[in-house]
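Here are the chains, one letter per residue:
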Amino acid sequence: MLDRCQPTNGPSGEEYHVLIKKGYESSVKQWCPIPLLGTFSYTHDTGSVTTCGAGSVVSACPDWTELKFNYSQCSTTQVFSVSGIVQCVATIEYNNTIYTTVFNPETVTDTANFDKFTCLAISKVGETLYISDAKGSCVKGQTSTVKTSTGSGTLVLSTYSRCYGGCNFPEEWDSGWYDSGHGDITLDRNNSAVTSGWSIPVFGTNIDSWTCFAENSSSNYFLFKGDQIPMPSGVRQNVFRCVKWQMSTKYSYSYYILAGTESNATNSRVFIEAHDVNVTSWTTDTYCNETVAPPVEEFHMIVKKGHEADAKHWCPVMLLSNFTYSHNDGSATNCGPSNSDLAVCPSWTTMTFNYASCSTVQGFSAEGVLYCLKYVLSGSTIFLSVLNPGVVDNISTHRFTCYALTENGNTVYMSDSKGSCEAGQTPTTKSSDGSGTLQLASTERCYGFCTFPLTWDGPWYDSGMGDITLSYTIHSVTSGWRVNVNGTMLNSWTCQSQNATLGTMLFRADDFVVVNGKLYNVFQCIKMTQLTNYSYSYYVMNDLMADSDPILRLQMTEYSPDVTGWDVDSLCSPTSPPEDKEYHVLVKQGYIADVKQWCPIPLRANFNYTHDSGLGASCGTDSHLSVCPDWVTLRFNYSLCPTIQAFSKEGVVQCVHTVVQGDTYYTSVFNPGLVDDSSFHRFSCLAITEVGGTLTVSDSAGSCQSNQDSGTKQADGSGILILTMQDSCYGSCTLPPLWTGDWYDSFYGQLTFSGTSALAGWQVTSFTSVINSWTCVSEDTTNNYLLFLGDQTIAFFGMPQNVFRCVKWIKITDNSFYYYARSDIEVNANNARVEVKAVDPAVTSWSTASYCNPTSAPGPEEYHVLIKKGSESLAKQWCPVPLLGTFNYVHNDGTTESCASDSQMTACPSWTTIQFDYTKCSKTQAFSQEGSVYCVNTITEGDKYYTALYNPGVVNTVYHRFTCYVISETSSGFYVSDSPGICKAGQNSTVKATDGSGVLTLNRTHSCHGLCYFPSTWDGVWYDSGMGNITLDRNMHRVTSGWTFQVHGTQMETWTCQNQINDTDTMLFKSDKIVEINSIKYNVFRCIKYTRLTNYSYIYYVFNDVETNAGNQRVKVELHDPSVNSWDPATYCNPTSGPGQEEYHVLVKAGYTNEVKQWCPVPLLGKFSYVHHDGLTATCSSSSDLRVCPDWTTMAFNYSLCSTTQAFSQEGIVHCVNTVTVGSTYYVTVLNPGLVDGTQYRRFTCYALTSSGSTIQMSDSAGSCQAGQVATVKQTDGSGTLTLTSYESCHGSCTLPSDWNGAWLDTEKDSITFDSATKRITNGWSISAYNNSVSSWTCHNDNTTQNYLLFKADDLMDVSGTKYNVFRCIKWKQLTPNSYRYYIREGE
């Protein structure tokens, strides 16, 4: 039998036959073959005649078992059937041809033309079917395109439509692809089929082509049914494969098979069920069961051939580095740190193993180059599919490899598996089909380019997100930032780029989000500010994303593997940025005590409070909240009121950060106690507003809410607190009482002083932070120092800093003050004078001694003016002396001169207001639209005046409220430079200030400052015996320098003559400087009465009382009234106790010392020896010589005989310049023409001199004579006393009669006295003429023959400013031994 059943040439595959049991014809139908499952048009070719065509129809729809030819369209008999309707009963495929037997259910009587069976040979090319028929069984060798010997011809079928499948494959799903689970596959998009590659043996039958019969586009399900039907035990079975797919790129997809493993399919994931010929449709709801879905690692990848490079994806984050590695194949370890290299940088998509370093094959790649395609995460393990674009032999090299990866510290562990991942694959265990395991050590990361602060590592508290974990090493938020975006939960984020200047960091979620089948990156940009070493605040610089849960500020961009860098600035620029209050706070766990910050100023007090939960109020007067004394901790006393506050079980929270928005403070407080995230939260935000001493506060759990205000209960808040202040814990500082309210600051604009210590204004920007409100924390009432602390802090390299500003204030009027900022210039605060110090929350008091002593104090020009708003006109002060007049002027803006032809500026007659005549020149001056400004303060330094001007008119960006003038006078005129606001440090009158309009050159046409006329020579430098060198300005009737002394601590320097009385040569001078005594202003006057000696020398007396607070100078001090600008000398030159005759001062014009010499007094007209006594020691007693002969004007001490300095002269030569006689004492002023140093050698000396016989007693005084100076007493500023003994006179050369000595009666003068030793009439001959009087005379010549005696008066007569000698010549004759007569030999 066996021999007979094994023929040498057995039947081929098409030579089968079909049996059908009679009576059961209707139960044997089978599905027609897949190519026939549709509706077609056809043509029929008998071999000689072609019939049918475009209008013909044949269909296997809808039941799949019957083939129906529509004879009404084409009547040519088909399949040997009268009706054209036959049933498919058997199909095989052989040699790429399908052979199907169809059964004709009709009764057949005409067996010549019709038959019960027909065999169809079918082939498909594209969408066209080729069919040949054979009556009965198939004919041996039958082909689809050749008419058989028993057939009717051949058919060509063109598809109208199909009646199966109908899935919509993605656009690129056609032709050849690589499948990580199956190798090469072929997709037929038109027929929704996998036509080859998915070869799975089921019950011994290879299912190698599959057709998609159903889909679920929302879930990305495709339900495939195997085209082959296995028949275990003769029972037909359908085989299904449901895939859940996801697009990675246009040319790469991943998929899971949603079915359990089937032992009868070599444990492949398929679903098998009994074949039912009547069932021709299936649903994904039934056959795509997620409950039997594979684990996450069992995904497969398909990549379209020819598009391998287009399928690349970023490798997972832990691989975005360059590495060294070691490989263990299960028995041996290869490669290592010194001889291996794996690079994933810079592409992020390609793993390149350097086989030159280690040749062990990796990733089943001959070249060592692998493309990352997709990865999934399961716990801490990543499963990564990579593609080998190089040589593939499916033995040692494979197209796909799957890696299981995990990370521990800086080490990455990996196992490989060829193709797809194995179920249960782990990173540290060699897979059954893998090459082994890898250990990777990172040498350089290429993921993100951020540098975290050093403390950003480990667990932190986040007020917005809860507990988070930061990794400094990989600059990531590894957990905690949880947000659901479009159904994808994002938890870990890596910083990709940053702008260190702005403090922005751009984070990208480590996972992608899928939207409409496309991958998207999700970004979160934060702008962070360091608060302490262990706390930060940050804003999220993105717009709100509605698709996130919770709704957060995020940004999505479509994923592209070619983009591995993102610009932090462009992705951190939201359309609607967060408000100031929408900040979050980070606090490092374990460092709670190190992050406390001062609570905001309104909270720095103790309070009682009421709490309104929205359902009712609690607490009240029986409550207590304390923030004192540490400023950082809120302590609610729950024993008085147990209502929970700030979500704290213990009632103790710490302030960690505050921002101010509008009039509301938003303060984050930290709960260091119990946290359950239900009743008690780690953070809460308090919104605080203050009215008087009452605070309104709302709270919010976590961070502040975008719509939070102090008066509205928040959705996640506990209610509203009303706090009533009981006492403040602020520093002791009281602002001047007058400062309350609104003021104008000449630099900072409008300020508001409130309470006893608060100031709003003084906007200072430092390190991009703005301080605009301040609190006074310390004061020094002696020096008028006020130390202010900025209410806001600034960030310096991430560390919070306090900003201090110390001011020294001076009152001008009740409505105006000026001040200096007593701090060094801070270059990081736009050169403001402030002091920046690191915040130390433990320090809550500061002293002016530490903060008001700058290394480089402000110059005199750097003052600020404060004027009370609404009282501007009451702040007017006299303009500086150089401006008290009417001027024309030229304005130079640095390039162009204007106003040269016609202009006018005047401060007359008010002295307080400068008016520019814009009708003459329209060029804006003093930044005033109207050309009218008030002088409000002037500071003088040397020859410079720094004057603050106030503009009462229009103020905007062009016209300024304040201007500072720097004014100086030179030989060529007056110069003025301007600067808006305050003067610039170092501002010069002749140089345009950087922000000024230019320089004015003024030409005075009229002065309104005083009405005096100096003598013609009173100009330039003069020597003043009382004051030293002085400078007179005849044109301005001023003493511009030299009259320098302090009055009540204020240095007087320049004086202007305000009025004079010509008849008495009286001049009233007023100091150009105003004295302040206890903040009250005073004018200082000095009245002089002068007498001409020569054209270049004068004496003067000061006709004021002695002022002890002016160094005993004679001045008059009276209250200053800026509305008064004229004074009467009769009133101001009338002292109660005027100067003595000896209290004169001498003026000598510099350069004219030889022209001012006068005869020394008569007793000195001789030659003398002398003794000098300095109060302790006598010198010059053994040898000395003083000569006043022969010129009578010069005293010459011979230092070669005695070197003791006399008359404060290095050379010992002095000129007599004036003598006044008071009784028997001469007061003679001598001038030193030699070296003058102001200490040892002086310009002037005054001698008090008395004589007795040939002996003269003298005391000296440096400068002018001292009041009451005595000839025999050493003066406090003198060198001592001199005793002169005359040894020769040079005053006269005559001889009086020997008995002319003593008192005589005179018929003309009653009584006279002769001194024969000095040849003088010492008294009695008193003669008055021209308002002069002479009383003593000395005989200068005689004629013994004629008995003539020529006497000269010892004093000179001044006639209209000219000095005259007075002579009297007598001719005498003795009458008796005791009587004489004489004739006066002079005309009358």
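For every chain, the first residue of the written sequence is number 1, and numbering continues from 1 onward in sequence order. Owing to the predicted nature of the model, reporting of local features is limited to residues with pLDDT of at least 70; listing and counting of side-chain atom pairs is limited to 80 or more, with chain, interface and lining totals taken over all residues. As a rule here, side-chain values cover all heavy atoms of the structure and leave hydrogens and water aside.

## Examining the overall build of the protein chain
Basically, it comes down to this: What counts as a helix is a DSSP run of H or I of at least four residues, what counts as a strand is a run of E of at least two, and both are numbered from the N terminus. We compute the radius of gyration over the C-alpha atoms and compare it with the globule rule, which gives 2.2 Å times the number of residues raised to the power 0.38. With a 1.4 Å probe rolled over the protein chains alone, any residue whose accessible area is under 20% of its type maximum counts as buried; one over 50% counts as exposed, and the rest are partly exposed. By definition in these notes, contact holds between two residues if any of their heavy atoms fall within 4.5 Å.
Scanning the protein chain from N- to C-terminus turns up three helices and 108 strands. For 1388 residues, the compact-globule formula gives about 34 Å, and the C-alpha radius of gyration of the protein chain, at 59 Å, lies well above that figure. Judged by the C-alpha coordinates and their principal axes, the protein chain covers about 215 × 75 × 70 Å. Within the protein chain, the proportion of its 1388 residues that are buried is 53%. Taking all contacts inside the protein chain whose residues are at least 6 apart in sequence as the whole, residues at least 24 apart take part in 52%.

## Regarding the side chain of Lys588
Defined as follows: Think of it this way: Lys and Arg go in the positive column, Asp and Glu in the negative one, and His and the chain ends go nowhere. Just to be clear on terms, a salt bridge is a Lys or Arg side-chain nitrogen sitting within 4 Å of an Asp or Glu carboxyl oxygen. In protein, a polar contact requires one atom able to donate a hydrogen and another able to accept it; more generally it is a pair of N or O atoms within 3.5 Å, and residues adjacent in sequence count only if both atoms are side-chain atoms.
Tracing the chain through its elements places Lys588 in strand S45 (residues 584–588). It turns out Lys588 is buried and unbridged, and the closest side chain with the opposite charge, Asp457, is 6.2 Å from it. A distance of 2.9 Å separates a polar atom in the side chain of Lys588 from the backbone oxygen of Thr455. When near neighbours in sequence (up to four residues on either side) are disregarded, Lys588 contacts Thr455, Asp457, Pro459, Trp460 and Tyr534.

## Considering unusual backbone geometry
Residue Pro550 follows Asp549 across a cis peptide bond; omega there is 0°. Note that Pro550 resides in the loop between strand S42 (548–549) and strand S43 (552–553). Across the junction of Cys1189 and Pro1190, the peptide omega takes the value 5°, indicating a cis bond. As for its placement among the helices and strands, Pro1190 is situated in the loop between strand S91 (1186–1187) and strand S92 (1194–1197). Of note, the phi angle at Trp631 is positive, near 70°, even though the residue is not glycine. Note on placement: Trp631 falls in the loop between strand S47 (617–626) and strand S48 (633–636). Of note in this structure, Asn831 is not a glycine but carries a positive phi near 65°. Relative to the assigned elements, Asn831 resides in the loop between strand S62 (825–826) and strand S63 (832–833). Relative accessible area serves as the criterion here: at 47%, Asn831 is assigned to the partly exposed category.

## Quick word on the sheet that holds strand S104 (residues 1348–1353)
The condition is simple: Following DSSP output, two strands are said to pair if at least two bridges run between them. Note on geometry: axes are C-alpha line fits, over the in-contact stretch for helices, and angles between N-to-C directions span 0 to 180 degrees.
Pairing is antiparallel across the open sheet formed by seven strands, whose spatial order is S98-S99-S100-S103-S104-S107-S108. The sheet is open, and its two borders are formed by strand S98 (1302–1306) and strand S108 (1379–1384), each paired with just one other strand. Taken over all neighbouring pairs, the strand axes of this sheet differ in orientation by 35° on average, direction set aside. Examined bridge by bridge, strand S107 (residues 1367–1376) and S108 share six bridges and lie antiparallel to one another.

## Regarding the state of the cysteines
Test applied: In what follows, a disulfide is any cysteine sulfur pair within 2.5 Å.
Summed over the entire model, instances satisfying the criterion amount to 28 disulfides. Note that Cys52 is cross-linked by a disulfide to Cys74, the S-S spacing being 1.8 Å. The sign of the S-S torsion, about -75°, decides the handedness of the disulfide formed by Cys52 and Cys74: left-handed. Of this pair, Cys52 sits in strand S2 (residues 50–59) while Cys74 sits in the loop between strand S3 (66–69) and strand S4 (85–94); the two residues are 22 residues apart in sequence, bridging distant segments of the chain. What pairs with Cys119 in a disulfide is Cys138, and their sulfur atoms sit 1.5 Å apart.

## Here we look at the sheet that holds S2
The strands that make up a sheet pair up through hydrogen bonds in the backbone, lying either parallel or antiparallel. Judged by pairing direction, the barrel is antiparallel, and its eight strands sit side by side in the order S1-S2-S3-S4-S5-S6-S7-S8 before closing back on the first. Each strand of the sheet is rotated relative to its neighbour by a mean of 35°, with strand direction disregarded. Across eight bridges, strand S6 (residues 117–125) lies against strand S7 (residues 128–135) in antiparallel orientation. The residue bridging Cys119 from the neighbouring strand is Ala134, located in S7.

## Considerations on the side chain of Thr381
Considering the arrangement of structural elements, one finds Thr381 in strand S27 (residues 381–387). Apart from residues lying up to four places away in sequence, Thr381 is in contact with Val376, Ala404, Leu405, Thr406 and Pro427.

## Brief notes about the environment of Trp210
Structurally, Trp210 can be placed in strand S14 (residues 210–216). A polar contact is formed between the side chain of Trp210 and the backbone oxygen of Trp198, at a distance of 2.8 Å.

## What about the pairing of strand S88 (residues 1145–1149)?
Most of S88 sits out of view: five of its five residues are buried. Neither face of S88 is open: one carries His1145, Leu1147 and Lys1149, the other Val1146 and Val1148, and all of them are buried. The pairing of strand S75 (residues 1020–1024) with S88 spans three bridges and is antiparallel. Across the sheet, Tyr1023 pairs through a bridge with Val1148, a residue of S88. With four bridges connecting them, strand S84 (residues 1097–1102) and S88 associate as antiparallel partners. Looking at S88, one finds that Tyr1100 is bridged to His1145.

## Details of the pattern of salt bridges
Summed over the entire model, instances satisfying the criterion amount to 19 salt bridges. Here Asp630 makes a salt bridge to Arg635, at a shortest N to O gap of 3.0 Å. Note that Glu835 is salt-bridged to Lys837, the shortest N-O span being 3.7 Å. For Glu835, a relative accessible area of 23% gives the class partly exposed. The partly exposed category is assigned to Lys837, whose relative accessible area is 37%.

## Overview of the pairing of strand S89 (residues 1166–1173)
Pairing of S89 with strand S97 (residues 1281–1289) involves eight bridges; the strand directions are antiparallel. Looking at S97, one finds that His1172 is bridged to Leu1282. Judged from the two bridges that link them, S89 and S91 form a sheet pairing that is antiparallel. By the bridge assignment for S91, Lys1167 is matched with Arg1187.

## A look at the packing of aromatic side chains
Counted only if it meets this: Side-chain rings of Phe, Tyr and Trp (the six-membered ring for Trp) are treated as a pair once their centres are within 6.5 Å; stacked means planes under 30 degrees apart, edge-to-face means over 60, and tilted covers the remaining angles. A ring has a charge above it when a Lys NZ or an Arg CZ is no more than 6 Å from the ring centre and no more than 35 degrees off the ring normal.
Considering all chains together, one arrives at 98 aromatic pairs under this definition. Connected via pairs of aromatic rings, a cluster forms that spans Phe169, Trp173, Trp177, Trp198, Trp210, Phe222, Phe224, Trp245, Tyr253 and Tyr255. In this structure, Arg241 is placed above the aromatic ring of Trp198, and the distance from its NZ or CZ to the ring centre is 4.5 Å. Here the guanidinium or amino end of Arg399 rests over the ring plane of Tyr178, the centre of that ring lying 4.2 Å away.

## Things to note about the nonpolar core
It is characteristic of soluble globular proteins that their nonpolar side chains tend to be buried jointly. In plain terms, the rule: Side-chain atoms within 4.5 Å are what join buried Ala, Val, Leu, Ile, Met, Phe, Trp, Tyr and Cys residues into a set we call a nonpolar core.
Within the largest apolar cluster, 56 residues are counted, with the highest numbers of intra-cluster contacts made by Leu319, Met351 and Tyr403. Counting 39 residues, the second-largest nonpolar core is a separate cluster that includes Ile34, Leu67, Leu155 and Trp282.

## Examining the environment of Glu826
Looking at the element boundaries, Glu826 is found in strand S62. Separated by 60 residues in the primary sequence, Glu826 and Ser766 have C-alpha atoms spaced 8.7 Å apart. Filtering out sequence-adjacent residues up to four positions away, Glu826 remains in contact with Asn831, Ala832, Val834 and Val836.

## Quick notes on the environment of Thr919
Relative to the helices and strands, Thr919 resides in the loop between strand S69 (913–916) and strand S70 (932–941). For Thr919, a relative accessible area of 74% translates into the label exposed. Along the backbone, Thr919 and Tyr256 are 663 residues apart, and their C-alpha atoms lie at a distance of 92 Å. Polar side-chain contacts of Thr919 include one of 2.4 Å to the side chain of Asp917.

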